[in-house]
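Here is what each chain is made of, one letter per residue.
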Amino acid sequence: MPLKMVDATLSTFNTVFEKFKSEAPNNKSNLILFLADIEPSTNLSWCPDCVRAEPVIYKKLESSPDDVALLRAYVGDRPTWRNAHHPWRMDTKFNLKGVPTLILWENGEVKGRLEDHEAHIERKIDDLIAIK
């Protein structure tokens, strides 16, 4: 089954997230990946953990036999993310502390998460997707 991927930034997140939530019942798994922006000069994320985790996450989700939706939420450049008052750091729904963070979103709430130091571990990604 296909991986359905949508992207959002701080400015577009609320609109994209509403659509993501409305389509969630159609999918076996609904995940949100909070990650760092791409540096135009390198075409890579400024976050080394994101560079390491992204290909592993995409590979695992693309190989799933089930319908999986992934909302990629870009936190901004390094200074934006480092701001202690970043909206997603302050949001009690997501409670972000680092990137990448992979969240399983089911029935209107966070059901599981992988933080920056573990988001690249295949077994943990499998375990997260298996939560119901």
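Check the entry above for the structure.
What you see is a predicted model; the values in this text were computed from it and never measured.

Asker: Any chance you could explain the overall build of the protein here in plain terms?
Answerer: A count of helical and extended segments in the protein gives five helices and seven strands. Across the protein, helices and strands are ordered from the amino to the carboxyl terminus as β-α-β-β-β-α-β-α-α-β-β-α. Relative to the globule expectation of 14 Å for 132 residues, the C-alpha radius of gyration of the protein, 14 Å, shows essentially globular dimensions. Along the longest, intermediate and shortest principal axes, the C-alpha atoms of the protein span 35 × 25 × 20 Å. For the protein, buried positions account for 45% of its 132 residues. Put simply, 64% of the contacts in the protein that link residues at least 6 apart link residues at least 24 apart.

Asker: Would you mind going over the pairing of strand 6 (residues 101-106) with me for this structure?
Answerer: Each regular strand carries side chains that alternate between the two faces of the sheet. Within strand 6, six of the six residues are buried, which leaves it mostly tucked inside the rest of the structure. Burial along strand 6 is two-sided: the face carrying Thr101, Ile103 and Trp105 and the face carrying Leu102, Leu104 and Glu106 are both buried. Pairing analysis gives four bridges linking strand 2 (residues 29-35) to strand 6, with the strands arranged antiparallel. The residue bridging Leu33 from the neighbouring strand is Leu102, located in strand 6. Sheet topology note: the strand 6/strand 7 (residues 109-114) ladder contains five bridges and is antiparallel. Across the sheet, residue Leu102 finds its bridge partner in strand 7, namely Leu114.

Asker: How should I be thinking about the environment of Phe13 in this particular structure?
Answerer: Within the secondary structure, Phe13 is located in helix 1 (residues 13-23). Taking the C-alpha atoms as reference, Phe13 lies 9.0 Å from Tyr74; in sequence the two are 61 residues apart. Not counting residues up to four positions away in its chain, the partners in contact with Phe13 are Ala8, Phe34, Leu71, Ala73, Trp88 and Phe94.

Asker: Which parts of the structure should I look at to understand the pattern of salt bridges?
Answerer: Two side chains of opposite charge can pair, provided their charged atoms sit close to one another. Considering all chains together, one arrives at 12 salt bridges under this definition. Arg52 is the salt-bridge partner of Asp49, the closest N and O atoms lying 3.3 Å from each other. With Asp49 and Arg52 both in helix 2 (residues 48-62) and three residues apart, the pair spans about one turn of that helix. The class for Arg52 is partly exposed, based on a relative accessible area of 41%. With a closest N to O distance of 3.2 Å, Lys60 and Asp126 form a salt bridge.

Asker: Please explain the nonpolar core as it appears in this structure.
Answerer: As a rule of thumb, nonpolar side chains are buried together in soluble globular proteins. Core analysis: the biggest nonpolar cluster contains 41 residues, and Phe13, Leu31, Ile32, Phe34, Ile57, Phe94 and Val99 have the highest contact counts within it. Within the residue set of this core, elements represented by two or more residues are strand 1 (3-8), helix 1, strand 2, helix 2, strand 5 (68-74), strand 6 and helix 5 (122-130). In this structure Ile57 touches Leu33, Leu102, Ala119 and Ile125, once residues within four positions along its chain are discounted.

Asker: How do you make sense of the sheet that holds strand 2 when you look at a structure like this?
Answerer: Hydrogen bonding along the main chain pairs the strands of a sheet, whether they run parallel or antiparallel. The five strands are arranged 1-5-2-6-7 in an open sheet whose pairing can be described as mixed. With partners counted over all chains shown, the strands left at the sheet margins are strand 1 and strand 7, one partner each. Between one strand axis and the next, the sheet turns by 25° as a mean value, whatever way the strands run. Sitting on the sheet, helix 2 touches strand 1, strand 2, strand 5 and strand 6, and the angle it makes with strand 2 is about 165°.

Criteria and thresholds
- Residues numbered from 1 in each chain as written.
- Predicted model: local features only at pLDDT ≥ 70, side-chain atom pairs only at ≥ 80, totals over all residues.
- Heavy atoms only, no water.
- Helix = DSSP H or I, 4+ residues; strand = E, 2+ residues; numbered from the N terminus.
- Rg over C-alpha atoms; globule rule 2.2 N^0.38 Å.
- Buried < 20%, exposed > 50% of the residue type's maximum accessible area, 1.4 Å probe, protein only.
- Contact = heavy atoms within 4.5 Å.
- Pairing = 2+ DSSP bridges.
- Salt bridge = Lys/Arg side-chain N within 4 Å of Asp/Glu carboxyl O.
- Core = buried A, V, L, I, M, F, W, Y, C linked by side-chain atoms within 4.5 Å.
- Axes fitted to C-alpha atoms, helices over the stretch in contact; angles between N-to-C directions.

Scope: geometric values only; no functional claims are made or implied.
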